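Listed here are the chains, written in short residue letters.
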Amino acid sequence: MQQKYILFLLGFDVTLEDRRTGETEEEFIIIPFPGEHPEDTADAHAVIREYYSRLGYNASNMRYRESRVKEIDLAAAYDEAQTTETYYAE
């Protein structure tokens, strides 16, 4: 029996500033989201800021590009996936 899961992937163009060097660059990031379009992009922006902050960057000028949808058969994905022990052993 198939278990379908719909994953919404939101794409954003982001300006990054390296906190160590002050250099800036443009980046594209994709984040999973529980709905097709966020009611307010503030939630998505918070996720983006947190992700890049851990890497040593300040994220600004976040521009939503588009959403895409990926339908996943969870039962098939489960059967194909590594166990957690195997994954973390690599």
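*Asks:* How do you make sense of the overall build of the protein when you look at a structure like this?
*Replies:* Broken down by element type, the protein carries 3 helices and 3 strands. Helices (α) and strands (β) of the protein occur, in sequence order from the N terminus, as β-β-α-β-α-α. Against the compact-globule benchmark of 12 Å for 90 residues, the protein has a radius of gyration of 17 Å, which places it well outside the compact range. With the principal axes as the frame, the protein shows a C-alpha extent of 50 × 35 × 15 Å. The buried share among the 90 residues of the protein stands at 23%. For the protein, long-range pairs separated by at least 24 residues make up 66% of all intrachain contacts whose partners lie at least 6 apart in sequence. Put simply, the protein shows about 6900 Å² of open surface, and 50% of that area lies on carbon and sulfur atoms. Each charge class in the protein was averaged separately, 9 positive and 19 negative side chains, and the resulting centres sit 3 Å apart.

Calculation rules
Residues numbered from 1 in each chain as written. Predicted model: local features only at pLDDT ≥ 70, side-chain atom pairs only at ≥ 80, totals over all residues. Heavy atoms only, no water. Helix = DSSP H or I, 4+ residues; strand = E, 2+ residues; numbered from the N terminus. Rg over C-alpha atoms; globule rule 2.2 N^0.38 Å. Buried < 20%, exposed > 50% of the residue type's maximum accessible area, 1.4 Å probe, protein only. Contact = heavy atoms within 4.5 Å. Areas by Shrake-Rupley, 256 points an atom, 1.4 Å probe, with all protein chains shown as cover. Lys, Arg positive; Asp, Glu negative; His and termini not counted. Charge placed at Lys NZ, Arg CZ, Asp CG, Glu CD.

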